[in-house]
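Here is how the chains run, residue by residue.
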Amino acid sequence: MSQSQIHDEKNLNEPKKANQLDPNWRNDALDLDLDLDYGMQTVAVRAGQHRTDEGEHSEAIFTTSSYVYTSAADAAAHFNGEKTGNVYSRHTNPSVRTFERRLAALENGERAVATASGMGAILTMCLAYLKAGDHLLAANQLFGSSIGLFNNYMAKFGVEVSYVDCFDNEAWANAVQPNTKVIYCESPSNPLAQICDLGYLSQLCKANDILLVVDNCFATPALQRPLDLGADVVIHSATKYLDGQGRVLGGALVGNDKLMQEAFTVVRSGGISMSPFNAWVFTKGLETLKLRMQAHCNNANQVAEFLANHPNVSTVHFSGLSDHPAHELATRQHHMKDGYGAIMGFEVKSSGGLDSKSAAWHVIDSTQMVSITNNLGDAKTTITHPATTTHFRLTPEARAEAGVEDGLIRLSVGLEDVEDIIKDLARGLDSL
Ligand SMILES: *Cc1c(COP(=O)(O)O)cnc(C)c1O
């Protein structure tokens, strides 16, 4: 049995201590004392840095799988709980910890746990907070792989899963069962950018002893902090805006010490850990997150106006439009002024003998600059046809439930000049 296995086993058998990971994590080598009231942008640039004796100004990358001890007694102390500290990078790594601390500070959470991808964070959530016989109640509009994970794997392990219209508060309340343990949603959602009433859901969860888990990938802490609105756990696909330049995969959970300790144990035991290099990319990405999100949102607001006024577009799904049913709710929930995110869905009318799918494909294929890719949250604008890509694996019923029509296009508005983005979309829309 390897040392790391012994370590895992010891900790599994031990009663969970709130600060098992690192008792001093809040102030150990922090570049910033977060008890002082710093603004968000200061936190984004400085929180969580682990500066070594070399005195490096920028954050270092610790590419090491393991760590050495000063003596046999020192090694033993790391395993018997007398000392905390790094023993193996599947458990902890200084670069990963810097990212976790910075993200936790931005989300106003006690702690974050980084994972290898966004799906890794969602799997960790399931393994940490659900067991056979429990009920997972989820929004009907979710990232396609999240629905796949819930339907194909959680169901296989005996977790009951059901979905409700994410904007319908009454439907949420009616769908709660005695065995409901987690309510799960995205706000804004994928791919229709629908908004959930997080304050309402938080009250519903508290009254019924349910955890509220919110995928904050589309908003990011620059726009919205779900924990401040009453959520228990925030999920991130860091792959998207936290990096913002489409370079690496990663994910995270954020919440209180107890919930994060449970998530941490799953990540460590299951090997869902983030690589140090990726953590470093995300740490640097967080420094410019707010500035990038401001620019993304400005561009998106203008693109949405253009689409809403185009005769060949039947519907634009974007809460930034003043006639969107969730416009007021989004304005209340998002703390960034005029920030509604930069991802939208729009439906193309069937015209000129083309059915709605062919019309949507025509618009996509007519672009010259925008990238045809299923990624999103990138500096580059991306365009996708969800029904035949991201949501293709769902059954037609599940697709309809998620509101993914054949004419639907998902657009992730990037940081190019907005005039160029609009010109590129107009090519196909004008020639339908
Ligand atoms: C991409 C995405 C995920 C999954 O993240 P990966 O990093 O690709 O595993 C989860 N939720 C949302 C909303 C996403 O957009």
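Starting from 1, residues in each chain are numbered consecutively following that chain's sequence as written. Per-residue local features of the predicted model are confined to residues with pLDDT of at least 70, and side-chain atom pairs are confined, for both listing and counting, to 80 or more; whole-chain, interface and lining totals are unaffected and use all residues. Only hydrogens and water are set aside when side-chain values are computed; all heavy atoms of the structure are taken into account.

### Regarding the overall build of the protein
Here is step 1 of the chain: Assigned secondary structure in the protein consists of 16 helices and twelve strands.
Here is step 2 of the chain: The dimensions of the protein, computed from C-alpha atoms along their principal axes, are 80 × 50 × 40 Å.
Here is step 3 of the chain: The buried label goes to any residue with under 20% of its type's maximum accessible area, the exposed label to any with over 50%, and the partly exposed label to all in between, with areas taken from a 1.4 Å probe on protein chains only. Looking at the protein as a whole, 56% of its 432 residues qualify as buried.
Here is step 4 of the chain: Roughly 17,900 Å² of accessible area belongs to the protein as shown, and the carbon and sulfur atoms make up 50% of that amount.
Here is step 5 of the chain: None of His or the chain ends enter the tally, which takes Lys and Arg as positive and Asp and Glu as negative. The location of each charge is read from NZ of Lys, CZ of Arg, CG of Asp or CD of Glu. The positive charge centre, built from 34 side chains, and the negative charge centre, built from 51, are 5 Å apart in the protein. In this description a helix means any DSSP run of H or I spanning at least four residues, a strand means any run of E spanning at least two, and both kinds are numbered starting from the N terminus. Areas reported as accessible are Shrake-Rupley estimates using a 1.4 Å probe. Residue values count occlusion only from the protein chains shown.

### Section: the domain arrangement of the protein
Here is step 1 of the chain: Where each domain starts and ends comes from a domain assignment, either automatic or drawn from a database. Along its sequence, the protein is carved into domain 1 (5–287) and domain 2 (290–430).
Here is step 2 of the chain: Inter-centroid distance (C-alpha atoms) of domain 1 to domain 2 is 28 Å.
Here is step 3 of the chain: Contacts: residue pairs with any heavy atoms within 4.5 Å of one another. In this complex, domain 1 contributes 39 residues to the contact, which on the side of domain 2 involves 39 residues.
Here is step 4 of the chain: Here, a salt bridge means any Lys or Arg side-chain nitrogen found within 4 Å of an Asp or Glu carboxyl oxygen. Inspection of the region where domain 1 meets domain 2 yields zero salt bridges.
Here is step 5 of the chain: Whenever two N or O atoms come within 3.5 Å, that pair is a polar contact, provided that in protein one can donate a hydrogen and the other can accept it, and provided that, for residues adjacent in sequence, both atoms are side-chain atoms. Inspection of the region where domain 1 meets domain 2 yields twelve residue pairs in polar contact (both at pLDDT 80 or more).

### Notes on the sheet that holds strand 8 (residues 313–317)
Where strands meet in a sheet, backbone hydrogen bonds hold them as pairs that are either parallel or antiparallel.
Here is step 1 of the chain: Here we have five strands laid out as an open sheet, ordered 8-9-12-11-10, and mixed in their pairing. Across the chains shown, the open sheet's two edge strands, defined by having one partner strand only, are strand 8 and strand 10 (371–372).
Here is step 2 of the chain: Pairing between strands is defined by DSSP: at least two bridges between them are needed. As paired strands, strand 9 (residues 343–348) and strand 12 (residues 408–412) are joined by five bridges and run antiparallel to one another. Each residue of the ladder has a partner; that of E347, found in strand 12, is L408.

### Topic: the sheet that holds strand 4 (residues 180–186)
Here is step 1 of the chain: Here we have seven strands laid out as an open sheet, ordered 1-7-6-5-4-2-3, and mixed in their pairing. A strand with exactly one partner marks an edge of an open sheet, and here the two such strands are strand 1 (111–115) and strand 3 (160–164). Across the sheet, the axes of successive neighbouring strands diverge by a mean angle of 20°, strand direction being ignored.
Here is step 2 of the chain: As judged from the three bridges shared by strand 5 (residues 211–215) and strand 6 (residues 233–237), these two strands associate in the parallel manner. Its bridge partner being in strand 6, V214 is matched across the sheet by V234.
Here is step 3 of the chain: To obtain an axis, a line is fitted to C-alpha atoms, over the contacting stretch when the element is a helix, and the angle between two such axes runs from 0 to 180 degrees between their N-to-C directions. Running at roughly 130° to strand 1, helix 4 (residues 94–107) makes contact with strand 1, strand 6 and strand 7 (251–255) of the sheet.

### Considering the environment of K156
Here is step 1 of the chain: For K156, the position within the fold is in the loop between helix 6 (144–154) and strand 3.
Here is step 2 of the chain: Residue classification places K156 among the exposed residues on the basis of a relative accessible area of 59%.
Here is step 3 of the chain: Separated by 24 residues in the primary sequence, K156 and A132 place their C-alpha atoms 9.2 Å from one another.

### Considerations on the site of the ligand
Here is step 1 of the chain: Around the ligand there are 14 residues in total, and G118, M119, D215, T239 and K240 lie nearest to it.
Here is step 2 of the chain: Take S237: an N or O atom from its side chain is 2.9 Å from an oxygen atom of the ligand.
Here is step 3 of the chain: In the environment of the ligand, an oxygen atom lies 2.6 Å from a nitrogen or oxygen atom belonging to the side chain of T239.
Here is step 4 of the chain: Coverage of the ligand by the protein chains reaches 93% of its 380 Å² of free accessible surface.
Here is step 5 of the chain: The site holding the ligand turns out to be the largest pocket.
Here is step 6 of the chain: Top contributing element to the shell around the ligand by residue count: helix 5 (residues 118–129), with three residues.
Here is step 7 of the chain: When residue character is reported, Ala, Val, Leu, Ile, Met, Phe, Trp, Tyr, Cys and Pro are called nonpolar, Asp, Glu, Lys and Arg charged, and the others, Gly included, polar. Here the residues of the shell around the ligand sort into six nonpolar, five polar and three charged. If a single non-hydrogen atom of a residue is within 4 Å of a molecule or strand, that residue counts as near it. Each cavity reported here is a set of points on a 1 Å grid over the protein atoms alone in which a 1.4 Å probe fits but cannot get out, each pocket an open set with protein on both sides within 12 Å along at least five of seven lines, and each lining residue one with an atom within 4 Å of a point. Think of it this way: if more than half of a molecule's atoms are within 2 Å of a pocket's grid points, that molecule is in the pocket or cavity.

### Regarding a negative patch on the surface
Here is step 1 of the chain: Each patch groups residues whose relative accessible area exceeds 30% and which form no salt bridge, using 9 Å between like charges and 5 Å between nonpolar side chains of Val, Leu, Ile, Met, Phe, Trp and Tyr. Residues D165, D168, E170 and E401 make up a contiguous surface patch of negative charge.
Here is step 2 of the chain: With respect to the secondary-structure elements, E401 resides in helix 15 (residues 396–401).
Here is step 3 of the chain: For E401, a relative accessible area of 41% corresponds to the partly exposed category.

### Digging into the state of the cysteines
Here is step 1 of the chain: Note on terminology: pairs of cysteine sulfur atoms within 2.5 Å are recorded as disulfides. All chains considered together, the criterion is met by zero disulfides.
Here is step 2 of the chain: Left unpaired, C126 is separated from the closest cysteine sulfur, that of C185, by 14 Å.
Here is step 3 of the chain: A residue is classified by how much of its surface remains accessible, and C126, at 1% relative accessible area, is buried.
Here is step 4 of the chain: You can see C205 has no disulfide; the closest cysteine sulfur is in C185, sitting 8.5 Å from it.

### Some thoughts on the pattern of salt bridges
Proximity of charged atoms lets side chains of opposite charge pair with each other.
Here is step 1 of the chain: Applying the stated rule across the entire model yields 14 salt bridges.
Here is step 2 of the chain: Put simply, K284 and E59 hold a salt bridge, and the shortest N to O gap is 2.7 Å. In this pair, K284 is assigned in helix 11 (residues 276–287) and E59 in the loop between helix 2 (40–46) and helix 3 (72–80), connecting sequence segments 225 residues apart.
Here is step 3 of the chain: One salt bridge connects D134 with K131, and the closest N-O pair in it is separated by 3.3 Å.

### Let's talk about unusual backbone geometry
Here is step 1 of the chain: Omega for the bond connecting S187 with P188 falls within 30 degrees of zero, at -10°, which places this linkage in the cis form.
Here is step 2 of the chain: In this fold, P188 is placed in the loop between strand 4 and helix 8 (198–208).
Here is step 3 of the chain: Put simply, N190 and P191 share a cis peptide bond, and its omega is 0°.
Here is step 4 of the chain: Despite not being glycine, D209 has its phi angle at roughly 55°, a positive value.
Here is step 5 of the chain: With respect to the helices, strands and loops of the structure, D209 is situated in the loop between helix 8 and strand 5.
Here is step 6 of the chain: A positive phi angle, near 60°, is found at D338, a position not held by glycine.
Here is step 7 of the chain: Mapped onto the elements of the fold, D338 is located in the loop between helix 13 (327–333) and strand 9.
Here is step 8 of the chain: The partly exposed category is assigned to D338, whose relative accessible area is 41%.

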